[in-house]
Structures are given as C-alpha cells and as structure tokens.
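Coordinate analysis (summary)
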Amino acid sequence: MSRFGYPVTLDLEGRPCFVVGGGMIAERKATGLLAAGARVTVLSPSLSPALMRLATDGRLAWRPRSFSAGDTAGFVLVMVATDDGMANAAVAAEAREHRALVNCADDPDRCDFILPALLHRGPVTVAVSTGGVSPAMARLVRDELAALLPAEWSALAGLVADVRQGLRQRGLSLDGERWRRALDGELRRLVASGRSTEARRRLLEGLGV
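For clarity, every value in this text was computed on a predicted model and none was experimentally measured.

Moving on, we come to the side chain of Arg 121. Relative to the elements of secondary structure, Arg 121 occurs in strand E6 (residues 117-121). Salt bridges are absent for the buried Arg 121, whose nearest opposite-charge side chain, Glu 152, sits at 7.6 Å. Looking at Arg 121, its side chain comes within polar contact range of the main-chain oxygen of Leu 149, at 2.4 Å. From its side chain, Arg 121 meets the backbone oxygen of Pro 150 in a polar contact 3.4 Å long. The residues contacting Arg 121, other than those within four sequence positions of it, are Ala 146, Leu 149, Pro 150, Ala 151, Trp 153 and Ser 154.

Below is the structure:
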C-alpha cells in the first residue's frame with residue numbers, strides 16, 4: 001500500500017498556511033490554498049508575477065527573504081517549493097517540529113501529504129492520486145474523467161445543494177438511495193438545457209417530496 005493511502009479533504013478556511021518559494025510551483029500551491037480560504041504567507045526573496053499581484057492586492061502576505069529558523073512557527077500547513085534541496089529539507093524538518101502538515105515538492109519522503117490531480121465542477125471535486133508514484137498518470141486519469149463530467153454538473157450540484165437545504169429547513173432527511181434514484185438522466189438533461197424550473201420540479205418529484 002502507498003504511504004499516502006488515506007485520502008482526506010481539509011477545512012483550511014481562515015487557517016494560517018505557509019508557502020516557501022516564489023516560482024511557478026509555489027504559485028500553484030499558494031493559489032490552491034487561497035481558493036480553499038486559507039490565510040497564506042509566502043516566503044521568498046522574489047515572486048512570480050502572479051504571486052506578486054496577489055501580494056500587492058493583499059490576498060497573501062509576503063516575507064521577501066530566505067528561510068530563517070523559527071519561520072514555520074504558527075502555521076498549520078507548510079508547503080515547500082524552492083529549487084534548493086537542502087533548504088527544502090531544513091524547512092520540512094522544522095515544520096514537523098512545530099507539528100505542521102508538510103508537503104515538500106518532488107520529495108515524497110519529506111511529505112506528510114501529497115496533492116492529487118483535481119477536477120472541479122462547482123462544489124463537486126474529483127481527486128485522482130497515484131500515491132506519488134506518477135503525478136503525470138494522475139493528471140491523465142483526471143483528464144479522462146473530465147469528459148465524463150460535463151460542465152453542467154456544476155449547475156446540477158448547485159440545484160441539489162439548494163433543494164437539500166430546503167428539505168433540511170423543513171426537517172426532512174432523505175436516504176442516499178432516494179437521492180441516487182432522483183438524480184436520473186432526465187434530470188441531468190433538463191439541467192444541461194438550462195430548464196432550471198423543470199429540473200427542480202423533476203428532482204422534488206423524484207425524491208417524493
């Protein structure tokens with residue numbers, strides 16, 4: 001079994017996360033953390049243009065220097081992405097001493113977690129991982145799945161979320177099998193064609209409420 005055999009999704013809303021590095025890899029990691037609602041600090045003497053814009057806009061904090069002892073204190077998650085292997089190792093080791101979760105780019109032996117290839121359809125997220133064996137293969141599988149989950153799945157997920165919230169407000173909780181039956185092909189066709197009122201009616205009828 002892979003070392004990274006327990007998939008989870010993390011709630012990072014408002015939580016302090018640290019990215020060490022200012023290049024393209026650090027950029028991807030920082031933007032992913034921001035999309036999850038994290039409070040992001042980037043440590044690097046220089047930043048990519050995109051990271052610089054984020055720093056200028058106040059969307060992340062920038063420490064314009066190299067790593068120093070104690071920098072990882074106070075962060076719940078640390079991502080290391082510099083081109084200096086020795087510096088990466090030092091950051092990862094200190095972060096673990098501070099009990100932060102660590103991801104060290106291209107160095108799975110120093111990682112507590114790895115990042116899967118992601119496919120987003122609104123609130124629906126599909127994550128594909130090979131346990132670090134082949135990120136390229138994970139991306140290939142992700143791209144193959146993209147064809148099976150067209151863009152309208154985002155609208156479908158929004159409809160389901162809205163109806164589910166309404167049912168909860170009425171004190172109704174339906175089992176998963178009833179939902180599975182209700183999410184049929186006709187409902188998806190209505191959503192895909194933009195017939196939202198008919199789709200809502202179809203979903204409620206399928207749920208029997």
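Back to the write-up after that little detour.
This part covers a nonpolar patch on the surface. Taken together, the side chains of Tyr 6, Val 8, Leu 10 and Leu 101 make up a nonpolar region of the molecular surface, amounting to roughly 450 Å² of accessible area. Given a relative accessible area of 73%, Tyr 6 falls into the exposed group.

Attention now moves to the sheet that holds strand E2 (residues 39-43). Reading across from one edge, E3-E2-E1-E4-E5 is the order of the five strands in this open sheet, with parallel pairing throughout. Among the strands making up the open sheet, the edge pair consists of strand E3 (61-63) and strand E5 (101-104). Strand-to-strand twist across the sheet, computed as the mean angle between neighbouring axes with direction ignored, equals 15°. With four bridges connecting them, strand E1 (residues 16-20) and strand E4 (residues 77-80) associate as parallel partners. In the strand pairing of E4, Phe 18 is matched with Val 78.

So, on to unusual backbone geometry. Residues other than glycine seldom take positive phi values, yet Arg 99 does so here, at roughly 65°. Mapping Arg 99 onto the fold places it in the loop between helix H3 (85-97) and E5.

To continue, consider the pattern of salt bridges. As enumerated under the stated definition, the model contains 11 salt bridges in all. Two residues, Arg 63 and Asp 71, come together in a salt bridge whose shortest N-O distance is 3.7 Å. Residue classification places Asp 71 among the buried residues on the basis of a relative accessible area of 7%. Among the ionic pairs, Asp 112 bridges to Arg 96, the shortest N-O distance being 3.1 Å. Residue Asp 112 is located in the loop between E5 and E6, and its partner Arg 96 is located in helix H3; the two are separated by 16 residues in the primary sequence. For Arg 96, a relative accessible area of 36% gives the class partly exposed. It is possible to trace a salt-bridge network through shared partners that takes in Arg 63, Arg 65 and Asp 71.

Attention shifts here to the packing of helix H7 (residues 185-192) against helix H8 (residues 196-207). The interhelical angle for the contact between H7 and H8, taken along N-to-C directions, is 160°, at an axis separation of 8 Å. With respect to each other, H7 and H8 are oriented roughly antiparallel. H7 and H8 meet at a crossing whose hand is left-handed. Facing Glu 186, Leu 187, Leu 190 and Val 191 of H7, the residues of H8 in contact are Glu 198, Ala 199, Arg 202 and Leu 203.

All right, on to H3 then. If you check H3, its first and last C-alpha atoms are 19 Å apart, about what 13 residues at 1.5 Å a residue would give, namely 18 Å. Buried within H3 are the following residues: Asn 88, Ala 89, Val 91, Ala 92, Glu 94 and Ala 95. Buried residues in H3 make contact with E1, E4 and E5. Between the side-chain oxygen at the start of H3 and the backbone nitrogen of Met 86 there is a gap of 3.0 Å, and the oxygen is on Asp 84. Where H3 ends, the next residue or the one after it, Arg 99, has phi of about 65°, a positive value.

Reading guide: rules and limits
- Residues numbered from 1 in each chain as written.
- Predicted model: local features only at pLDDT ≥ 70, side-chain atom pairs only at ≥ 80, totals over all residues.
- Heavy atoms only, no water.
- Helix = DSSP H or I, 4+ residues; strand = E, 2+ residues; numbered from the N terminus.
- Buried < 20%, exposed > 50% of the residue type's maximum accessible area, 1.4 Å probe, protein only.
- Lys, Arg positive; Asp, Glu negative; His and termini not counted.
- Salt bridge = Lys/Arg side-chain N within 4 Å of Asp/Glu carboxyl O.
- Polar contact = N/O pair within 3.5 Å; in protein donor to acceptor, adjacent residues only side chain to side chain.
- Contact = heavy atoms within 4.5 Å.
- Patch = residues over 30% accessible without salt bridge, like charges linked within 9 Å, V, L, I, M, F, W, Y side chains within 5 Å.
- Areas by Shrake-Rupley, 256 points an atom, 1.4 Å probe, with all protein chains shown as cover.
- Pairing = 2+ DSSP bridges.
- Axes fitted to C-alpha atoms, helices over the stretch in contact; angles between N-to-C directions.
- Parallel < 35°, antiparallel > 145°, perpendicular 65-115°, else oblique.
- Left-handed = near helix turned anticlockwise from the far one by under 90°.
- Expected span 1.5 Å × (residues − 1).

From the geometry alone we can't say anything about function, so treat these as descriptive.
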